Amino acid sequence: MPPEPVVLAFDTSAAHCAAAVVSGTRILAQRAELMDKGQAERLMPLLAGVLAEAQVGYAGLSAIGVGTGPGNFTGVRISVAAARGLALGLGIPAIGISGFEALAAGLPDDVVTLLDARRGALWLAGRGIDPQLVEPPDLPDEIRGRPLVGYRAEDLALHTGGAVYRQPVPMAVAIARLAAARLGTPHPRPAPVYLRAADAALPAEPPPVILP
């Protein structure tokens, strides 16, 4: 029997820098560090740390899994760019997993996932509910009575009447397992999931013309 694929996964879409190495059902290593900024400098050392703990080198990886958001605009771009670069250099696939998918992994298929969108808002998605930005107490009627998981799930369940679940495994582990399950199937290159415009203002002047 061939060995189980080994997947390195990471996520910087929220106020953390998280990574995991997974092979089949085994979690070889996983770490998550809380931070509001600095993920760009911390990510590669963190990956080196989890690989060393798992006793796996980059050459031993079968795939890269990466969290694609929604979340912090810059944080999502950091992880996606790193995943694409590693995949290209190693000649292995990079598979993007949204935060909604990672939160829902292993839970009933009618669960509604909630992510912190800051400024008092949240991102919400579920079966039959398109990913969207909402601001409590304005909630879509479709979530009433349905189980919830994620940001402010317990508070919102008091108003919606649904059950509350906790995420079964850390975010990076869920991303790794979902990426492993998609190995060998068609998938696009990882791309950020943006549900809100970036906070940074775009330049007012047009970009310079690049001559041939």
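Right above here is the structure, for reference.
This one's a predicted model, so the numbers in the text were calculated from it and none came from an experiment. Here the residue index of a chain counts from 1 through its sequence in written order. Note on the predicted model: pLDDT of at least 70 is required for a residue's local features to be given, and 80 or more for side-chain atom pairs to be given and counted; whole-chain, interface and lining totals, by contrast, use all residues. As a rule here, side-chain values come from all non-hydrogen atoms in the structure, and water together with hydrogens is ignored.

A.B. asks: How should I be thinking about the packing of helix α1 (residues 39-54) against helix α2 (residues 73-90) in this particular structure?
C.D. replies: Think of two packed helices as two axes; the pair is described by the angle between the axes and how far apart they sit. Angular values range over 0 to 180 degrees, each being the angle between N-to-C directions of two axes fitted as lines to C-alpha atoms, with helices fitted over their stretch in contact. Segments assigned H or I by DSSP are reported as helices when at least four residues long, segments assigned E as strands when at least two residues long, and all are numbered from the N terminus. At a closest axis distance of 10 Å, the pairing of α1 and α2 adopts a crossing angle of 40°. Relative to α2, α1 is oriented oblique. Where α1 crosses over α2, the two elements pack in a sense that is right-handed. Seen from α1, the contacting residues are Gln-39, Ala-40, Leu-43, Met-44 and Leu-47; seen from α2, they are Ile-78, Ser-79, Ala-82 and Leu-86. Per-class residue counts for the contact of α1 with α2 are seven nonpolar, two polar and no charged. Any angle that falls under 35 degrees is termed roughly parallel, while one over 145 is termed roughly antiparallel, one within 65 to 115 roughly perpendicular, and all others oblique. Working rule for handedness: look at the near helix, and if it is turned counterclockwise from the far one by less than a right angle, call the crossing left-handed; if clockwise, right-handed. Residue contacts are defined here by distance: any two heavy atoms, one from each residue, within 4.5 Å place the two residues in contact. Put simply, Ala, Val, Leu, Ile, Met, Phe, Trp, Tyr, Cys and Pro go in the nonpolar bin, Asp, Glu, Lys and Arg in the charged bin, and everything else, Gly too, in the polar bin.

A.B. asks: Hey, could you run me through the sheet that holds strand β6 (residues 112-118) in this one?
C.D. replies: In any sheet, the strands associate via hydrogen bonds between backbone groups, in a parallel or an antiparallel arrangement. Being paired, for any two strands, means DSSP has found at least two bridges between them. Read across the sheet, five strands follow the order β8-β7-β6-β9-β10 without closing on themselves; strand pairing throughout is mixed. Pairing within the sheet leaves two strands with one partner each, and these edge strands are β8 (129-134) and β10 (164-165). Alignment of β6 against strand β9 (residues 148-150), held across three bridges, turns out to be parallel. From the neighbouring strand, Leu-114 faces β9, where its bridge partner is Gly-150. Across the face of the sheet, helix α4 (residues 153-160) comes into contact with β6, β7 (121-126), β9 and β10 while running at roughly 160° to β9.

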